[in-house]
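Structural characterization, general
Below, each chain spelled out in residue letters.
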Amino acid sequence: MFCLKMLRRLLRTEDGVTAIEYGLIAALVAVVIIVAVTTVGTELTRTFDTIATSFPSNAEGSENDEEPCQQDGLNCGGGND
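Residues numbered from 1 in each chain as written. Predicted model: local features only at pLDDT ≥ 70, side-chain atom pairs only at ≥ 80, totals over all residues. Heavy atoms only, no water.

**A look at the overall build of the protein chain**
Within the protein chain one finds three helices and zero strands. Start at the N end of the protein chain and walk to the C end: the helices and strands fall as α-α-α. A burial count over the protein chain gives 1% of its 81 residues as buried. Total accessible area computed for the protein chain in this model is approximately 7,800 Å², and 63% of it derives from carbon and sulfur atoms. (Helix = DSSP H or I, 4+ residues; strand = E, 2+ residues; numbered from the N terminus. Buried < 20%, exposed > 50% of the residue type's maximum accessible area, 1.4 Å probe, protein only. Areas by Shrake-Rupley, 256 points an atom, 1.4 Å probe, with all protein chains shown as cover.)

**Structural notes on a positive patch on the surface**
On the surface, Lys5, Arg8, Arg9 and Arg12 cluster together into a patch of positive charge. Mapping Arg12 onto the fold places it in helix 1 (residues 2-12). Classification of Arg12 by relative accessible area gives exposed; the value is 64%. (Patch = residues over 30% accessible without salt bridge, like charges linked within 9 Å, V, L, I, M, F, W, Y side chains within 5 Å. Salt bridge = Lys/Arg side-chain N within 4 Å of Asp/Glu carboxyl O. Lys, Arg positive; Asp, Glu negative; His and termini not counted. Charge placed at Lys NZ, Arg CZ, Asp CG, Glu CD.)

**Notes on a nonpolar patch on the surface**
Nonpolar side chains collect at one region of the surface, where Tyr22, Ile25, Val29, Ile33 and Val37 lie side by side and expose about 520 Å² of accessible area between them. Looking at the element boundaries, Ile25 is found in helix 2 (residues 15-54).

**Concerning the pattern of salt bridges**
Opposite charge on two side chains permits pairing when their charged atoms draw close. Under the criterion given, the structure shown has one salt bridge. Among the ionic pairs, Arg46 bridges to Glu43, the shortest N-O distance being 2.8 Å. Of the two residues, Arg46 and Glu43 both sit in helix 2, three residues apart, roughly one turn of that helix.

**Some details on the confidence of the model for the protein chain**
Summary statistics for the protein chain give a mean pLDDT of 78 and a share of 68% for residues scoring 70 or more. Across the protein chain, the secondary-structure element scoring lowest on mean pLDDT is helix 3 (residues 68-71), at 56, and the one scoring highest is helix 2, at 91. (pLDDT = per-residue confidence, 0-100.)

Here it is, written out as structure tokens:
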């Protein structure tokens, strides 16, 4: 008799079902956040790469490594040369 009452009460309760639903909602929200962050990160990386390639590269060095004022023969240092 006691076991039958416990079984009926177990079948009527919906706490477990509610917990599973909340777990599924949390998992769905996590997936949406991961997709959004990945997409934004990819777009942000692409934007920074575009900006970085728009600047002239100085990796190979310029034709003349002297300061601009020295190229013109001017005294830009403020000394008495």
